[in-house]
Amino acid sequence: MREDNYADIECCETTETHAELLKIVKDTLPEETQLYDLAELFKVFGDSTRIRILFVLFEAEVCVCDLAEALNMTQSAISHQLRILKQSKLVKSRREGKSIFYSLADDHVRSIINQGLEHVEED
């Protein structure tokens, strides 16, 4: 008997497995640690403040002061989010005098965000 929550999900009417397909899946499925790391990476993208920071960094390398001003947030709040982005290897930093400038770690970050944006803009 199906619960109401699953009423609109179609399921097989019989229990039958397809050995050839399952072998391909098992042979190509990444290791559990890789899947965990990937899930953790996508969690980082689950915060709109971090997404806003990344969009600013698409345009230029900026210091914490500029990010705080651009996003109308405190430097402390920005620094907290930058720490998470840096730990996830999505941004990098460099010191220039008393300022720390942040930029995207590589072009993969831009690609991930752009593909996500294309997906949400689909009809």
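Rules behind the numbers
- Residues numbered from 1 in each chain as written.
- Predicted model: local features only at pLDDT ≥ 70, side-chain atom pairs only at ≥ 80, totals over all residues.
- Heavy atoms only, no water.
- Disulfide = S-S within 2.5 Å.
- Buried < 20%, exposed > 50% of the residue type's maximum accessible area, 1.4 Å probe, protein only.
- Pairing = 2+ DSSP bridges.
- Helix = DSSP H or I, 4+ residues; strand = E, 2+ residues; numbered from the N terminus.
- Contact = heavy atoms within 4.5 Å.
- Axes fitted to C-alpha atoms, helices over the stretch in contact; angles between N-to-C directions.

Participant: Where do I start with the state of the cysteines in this structure?
Facilitator: Two cysteines form a disulfide when their sulfur atoms are joined by a covalent bond. Taken as a whole and assessed by the stated rule, the structure comprises zero disulfides. Its sulfur unpaired, Cys65 is 4.3 Å from the next cysteine sulfur, which belongs to Cys63. What makes Cys65 partly exposed here is its relative accessible area of 42%.

Participant: Looking at this model, I keep getting lost on the sheet that holds strand β1 (residues 62-63). Mind explaining?
Facilitator: Strands in a sheet are paired, the pairing made by backbone hydrogen bonds, and the direction either parallel or antiparallel. Here three strands make up an open sheet; going across it, the order is β1-β3-β2 and the pairing antiparallel. Strand pairing shows two members of the sheet lacking a second neighbour, β1 and β2 (91-96), which therefore form its edges. In the sheet, β2 pairs with strand β3 (residues 99-104) via six bridges, with the strands oriented antiparallel. The residue bridging Ser93 from the neighbouring strand is Tyr102, located in β3. Contacts between helix α3 (residues 48-59) and the sheet are confined to β1, β2 and β3, with β3 contributing the most and set at about 90 degrees to the helix.

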